[in-house]
Amino acid sequence: MKPSVLQTLLEPATTALAVLSRKQQHHHRPSPTCTNNRRDAGGGGRVAGGLLHPVDRCGRAPVLAIGLLFCVTVYLYFMTGTDVTQMIVTIPADDADLPGPKVPKGFIVWGPGCQIMDLNPVAKDVMRLFSKERFVPCSPKQPLTSIEQHFDNDTVLVRYHRDQLDAFMPHYMRYVRCCYQSIERAGTKDKADKNFWVGECVPFNESFLLPPSVRNGVLVRCKAGVSESSKSKKAIYTNVHALIRPQPSVRERMDKFRGRTEKRPLSVLMIGIDSISRLNLIRAMPHTAQHLYDTGWFELKGYNKIDDNTYPNLMAILTGYNNSLAYSICNPKKVGQLEECPFMWKYFADSGYATAYAEDEAGINTFNYHKYGFVAQPTDHYFRPVALAAEKNLSKKMKNSLTFCLGYQNYADHIYQYALDFASQYRTEPYFGLFWTNTFSHNDISDPSSMDLRMKYYLEELDERGILNSSMVVFFSDHGLRFGPVRMLLTGWLEERLPFNFIWLPEWFREEHPEIVQALKINRNRLTNPYDLHATLKHVLELSGRIDNLPGPLSCPNCQSIFAEVPWNRSCEETAIESHWCTCANFQPIDKRSPMVQRAIAFVIDYVNRDLEEHRNSTTVNYACAKLAVGSITLAKMAHEPKGRLPYRDYLLIFDGKPGGGKFESTVRHYQERDAFEITGSISRLNEYASQSECMHIDYLRKYCYCQRTKLF
């Protein structure tokens with residue numbers, strides 16, 4: 001049985017508050033001039049559906065107000081700490097005994113096809129744009145309810161904390177009723193991933209066991225009134241609890257494979273945080289990074305993204321498809337098409353693994369943002385219906401336009417608790433789970449710093465629960481921050497393209513496969529990408545002995561499992577990383593006024609305008625995208641390719657567009673022999689465009705479009 005993570009995190013503060021409360025009650029006496037309100041007088045009573053035990057509040061309001069203020073201050077102290085100094089992470093040196101060429105100082109990857117610079121994560125230019133943030137708790141109150149899952153016998157205890165009622169009850173109310181509702185997925189067709197259903201509200205007045213039929217989550221509500229018969233009742237408490245309870249069909253699937261192999265297969269737990277580069281993990285979450293380095297996680301320093309945003313980079317991992325192939329085979333903008341993709345969780349499920357997927361901020365979920373999502377539930381355990389119910393019913397605290405707090409917890413807490421419960425539920429069985437968070441990292445370089453100690457806690461909890469003894473854990477991101485002031489720096493360009501990636505393997509697996517340990521140590525300083533991670537997940541499945549001869553990533557035939565040594569002379573071109581996303585080249589500044597730069601930017605502008613013109617019917621009625629023109633040129637660089645002279649030259653260009661003030665970045669390839677230009681990758685937008693492009697209905701064109709109302713005749 002495990003208490004909730006929230007209980008664990010609140011325990012020091014709760015204890016301190018209890019001590020302070022007792023001291024205040026001992027030292028302060030009620031005012032002798034005050035008389036009891038008749039509504040508060042009288043004998044004992046009932047809770048949750050009846051009378052509360054009466055509380056003499058007479059004369060205590062001023063004292064309680066001061067006490068509460070002091071308690072909240074102490075609570076914040078316990079929960080946030082006072083240290084805002086920048087911790088410097090000690091990064092272990094490369095193993096000197098490893099075979100192969102050594103990486104020179106100042107680089108993290110070095111070979112004839114790829115040379116990636118090693119930049120200082122706390123350099124002065126970037127630290128001017130970064131500020132360490134304190135963690136601020138979502139609520140000074142401890143929730144009235146929590147859940148305790150008994151994974152051995154599949155029971156769930158909903159614990160009702162009567163002692164917390166005073167914190168929720170208005171002073172003039174003495175009656176409270178609580179009930180819970182089961183949360184279920186309810187939509188069909190194009191609404192399948194948008195709708196949820198809640199069952200009948202079942203009353204309770206004490207801690208209780210949930211019936212076996214409630215398997216996904218519960219919505220808890222409590223209302224209070226001045227009397228038991230009062231028609232006017234005030235909502236005083238609402239909360240949502242997600243559950244991990246195995247379905248009989250999952251057990252049946254697992255039973256088919258039980259006994260086929262001598263030992264239990266390696267499980268896989270993937271924990272992803274959106275928009276955090278390797279350098280910003282070290283900068284913004286140093287306690288987390290130091291924990292990873294100190295406890296023997298394997299790092300992929302040269303892990304290079306393959307496309308712009310989350311969707312294509314995750315699809316490369318989960319399907320082995322690039323963006324264009326994914327849209328052609330399993331277009332997420334067509335109802336039911338996502339199911340046509342060969343997702344990794346399908347391979348794992350077919351091999352007798354339990355599967356799960358959870359993500360926060362339902363509106364921007366990877367498979368739902370401007371997409372239809374899944375018609376059929378994609379995994380055995382799917383968090384989205386609970387997320388939708390929570391977002392509709394719980395209070396929110398926003399930070400940088402995202403839901404930082406959802407109810408009494410950070411939104412990310414809901415995801416990480418779900419991950420821990422999933423791995424704990426199937427601790428004796430193989431499983432595959434993907435758990436993704438957006439809400440504390442997506443929009444600002446400093447935001448992740450407030451969650452540093454929390455993230456370290458969850459990584460430690462993986463060990464505490466024994467999850468690290470049975471699982472390969474991939475702790476990773478999709479890309480670094482893609483917009484904002486930091487993107488105008490050299491480190492911003494590099495960081496956008498180099499997300500963090502750490503891998504944990506159990507000790508028994510390391511002992512059985514020393515060759516894999518050796519390969520991971522070598523690959524620490526090799527160019528790798530999401531397609532390699534896709535191949536690695538299939539390698540894990542093949543090692544289970546339950547399946548073999550799985551196909552490699554279709555969009556990168558040269559990519560491979562990182563459980564084998566990656567070639568030291570690898571290049572972006574050989575690994576399906578287009579030049580615009582590649583960090584291997586050494587770009588040097590050139591004259592912004594040179595004819596070649598002017599021609600290259602003119603080509604980009606013409607390319608964008610032609611694209612907008614071809615899709616002019618994709619805007620809202622009576623609106624059109626303005627024709628883009630060049631404003632100022634911020635930067636122009638030319639690549640000096642590691643492999644030497646090539647039949648083309650790549651130019652990195654940053655310029656302002658008008659109207660709208662868009663700041664764009666493009667890598668343009670010029671073929672010298674035929675004097676022709678080509679856009680590599682896609683064109684990046686480095687500043688936010690918000691409502692400027694609301695009239696455009698095609699995703700990738702929003703970053704170019706400046707909406708203008710057309711003239712009406």
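Residues numbered from 1 in each chain as written. Predicted model: local features only at pLDDT ≥ 70, side-chain atom pairs only at ≥ 80, totals over all residues. Heavy atoms only, no water.

Draft legend 1. Representation of the sheet that holds strand β27 (residues 648-658) in the model. Strand order in the open sheet made by the five strands is β24-β26-β27-β28-β29, with antiparallel pairing throughout. Each end of this open sheet is capped by a strand with a single partner; those strands are β24 (586-589) and β29 (676-685). Strand-to-strand twist across the sheet, computed as the mean angle between neighbouring axes with direction ignored, equals 30°. As judged from the seven bridges shared by strand β28 (residues 663-671) and β29, these two strands associate in the antiparallel manner. (Pairing = 2+ DSSP bridges. Helix = DSSP H or I, 4+ residues; strand = E, 2+ residues; numbered from the N terminus. Axes fitted to C-alpha atoms, helices over the stretch in contact; angles between N-to-C directions.)

Draft legend 2. Quick look at the state of the cysteines. Summed over all chains, the structure comprises nine disulfides. Disulfide partner of C179: C201, at an S-S distance of 1.9 Å. For the disulfide bridge between C179 and C201, the dihedral angle about the S-S bond is near 70°, and by the sign convention the bridge is right-handed. Placement of C179 in strand β6 (residues 175-185) and of C201 in the loop between β7 (196-198) and β8 (202-204) is noted, with a sequence separation of 22 residues between them. A relative accessible area of 15% means that C179 is categorised as buried. Residue pairing for C572: its cysteine sulfur links by disulfide to C582, the two sulfurs lying 2.0 Å apart. (Disulfide = S-S within 2.5 Å. Buried < 20%, exposed > 50% of the residue type's maximum accessible area, 1.4 Å probe, protein only.)

Draft legend 3. Spotlight on the pattern of salt bridges. Per the stated rule, a full pass over the model turns up 39 salt bridges. For R283, the salt bridge goes to E495, with nearest N and O atoms at 2.6 Å. Placement of R283 in helix α6 (residues 278-284) and of E495 in helix α14 (residues 490-497) is noted, with a sequence separation of 212 residues between them. On the basis of relative accessibility, which here comes to 0%, the residue R283 falls in the buried class. Among the salt bridges present, the one from E496 reaches R497, with a minimum N-O distance of 3.5 Å. Linked by salt bridges that have partners in common, K305, D308, R482, R487, E496, R497, E665 and K703 make up one network. (Salt bridge = Lys/Arg side-chain N within 4 Å of Asp/Glu carboxyl O.)

Draft legend 4. Region of interest: the pairing of strand β12 (residues 267-273). Counting buried positions along β12 gives seven out of seven residues, so the element sits mostly inside the fold. Side chains S267, L269, I271 and I273 of β12 all project onto a buried face; the interleaved residues V268, M270 and G272 project onto the opposite face, where all are buried too. Sheet analysis places β12 next to strand β21 (residues 471-476), joined by six bridges and oriented parallel. The residue of β21 that forms the bridge with I271 is F475. Both β12 and strand β20 (residues 431-437) contribute to a ladder of six bridges, which runs parallel. Paired with M270 across the strands is L434, a residue of β20.

Draft legend 5. Spatial organisation of the sheet that holds strand β15 (residues 354-359). On the basis of which strands lie adjacent, the open sheet formed by seven strands has the order β13-β22-β21-β12-β20-β15-β16 and mixed pairing. A strand with exactly one partner marks an edge of an open sheet, and here the two such strands are β13 (298-299) and β16 (381-382). Packing against the sheet, helix α13 (residues 452-464) makes contact with β12 and β21, and its axis sits at approximately 180° to β12. (Contact = heavy atoms within 4.5 Å.)

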